Amino acid sequence: MIDGLKTRQLDVISHPKGDLYKMLTTQSPEFKGFGEIYFSRVAPFSIKAWRLHKSITANLTLVSGRVLVVCAKVDSRSPEGTEISEFELTGEVPTMITIPPGVWYGFKAGQRGGLLVNVISEPHSEAEVLREPSDSNSIGFDLENAAVREDPS
């Protein structure tokens, strides 16, 4: 796995009226500070990619739907040196992905789309983020043609 990239199943507090999923506290090992929380809706079959934060740590959790999250640590000296990690997030197993600075990431939604929550360590700044289009050859992953497994109907 990419150095600094982590996944953790969320703690679930079961309740007959609905469960509570504990994502992040100031005592969590993944907590690197608080900048802001935002929600990112990904329309069905849509792609949001690519972005790289220079100094921000991102903590992503899926709230609803099904989304493929792809992370890439690009070695500019060698395309073969690029390291890729893929995570398919669903509501079945609530999971948080912690993405350190310097890692490219993008999302692709399945047929129901998806809603992600992102807790970032600093307030968002366009000067702090790098972007590439979803079909960028410099990332080394074909997100356009990646499959998102669907729920059995």
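First, a word on what this report is: a plain description of the structure on this page. Nothing here was measured: the structure is a model prediction, and the numbers come from that model.

### Remarks on the overall build of the protein chain
In terms of helices and strands, the protein chain carries zero helices and 10 strands. Going from N to C terminus, the protein chain has its helices and strands arranged as β-β-β-β-β-β-β-β-β-β. Relative to the globule expectation of 15 Å for 153 residues, the C-alpha radius of gyration of the protein chain, 15 Å, shows essentially globular dimensions. With the C-alpha coordinates aligned to their principal axes, the bounding extent of the protein chain is approximately 55 × 40 × 25 Å. Split into buried and exposed, the 153 residues of the protein chain put 42% on the buried side. Taking contacts inside the protein chain between residues at least 6 apart in sequence as the whole, the part at least 24 apart equals 82%. Surface exposure of the protein chain reaches about 8300 Å², of which carbon and sulfur atoms provide 52%. Side chains of the protein chain carry 16 positive and 20 negative charges; the gap between the two charge centres is 6 Å.

### A short note on the packing of aromatic side chains
In this structure the tally under the stated criterion is two aromatic pairs. Between Trp-50 and Phe-141 the ring centres are 6.5 Å apart and the planes differ by 85 degrees, which places this aromatic pair in the edge-to-face class. Placement of Trp-50 in strand β5 (residues 47-53) and of Phe-141 in the segment after β10 (129-131) is noted, with a sequence separation of 91 residues between them. Both residues of the pair, Trp-50 and Phe-141, belong to the buried class. Between Tyr-105 and Phe-107, the ring centres sit 5.9 Å apart and the planes meet at 50 degrees, which makes this aromatic pair tilted.

### Observations regarding a nonpolar patch on the surface
Together, Phe-34, Ile-37, Phe-39 and Val-63 make up a nonpolar patch on the protein surface, roughly 430 Å² of accessible area in all. Here Val-63 lies in strand β6 (residues 58-73).

### Examining the side chain of Arg-66
Within the secondary structure, Arg-66 is located in strand β6. Of the polar contacts made by the side chain of Arg-66, one reaches the side chain of Glu-88; its length is 3.4 Å. Within polar-contact distance, the side chain of Arg-66 engages the backbone oxygen of Arg-149 at 3.0 Å.

Analysis parameters
Residues numbered from 1 in each chain as written. Predicted model: local features only at pLDDT ≥ 70, side-chain atom pairs only at ≥ 80, totals over all residues. Heavy atoms only, no water. Helix = DSSP H or I, 4+ residues; strand = E, 2+ residues; numbered from the N terminus. Rg over C-alpha atoms; globule rule 2.2 N^0.38 Å. Buried < 20%, exposed > 50% of the residue type's maximum accessible area, 1.4 Å probe, protein only. Contact = heavy atoms within 4.5 Å. Areas by Shrake-Rupley, 256 points an atom, 1.4 Å probe, with all protein chains shown as cover. Lys, Arg positive; Asp, Glu negative; His and termini not counted. Charge placed at Lys NZ, Arg CZ, Asp CG, Glu CD. Phe/Tyr/Trp six-rings, centres within 6.5 Å; stacked < 30°, edge-to-face > 60°. Patch = residues over 30% accessible without salt bridge, like charges linked within 9 Å, V, L, I, M, F, W, Y side chains within 5 Å. Salt bridge = Lys/Arg side-chain N within 4 Å of Asp/Glu carboxyl O. Polar contact = N/O pair within 3.5 Å; in protein donor to acceptor, adjacent residues only side chain to side chain.

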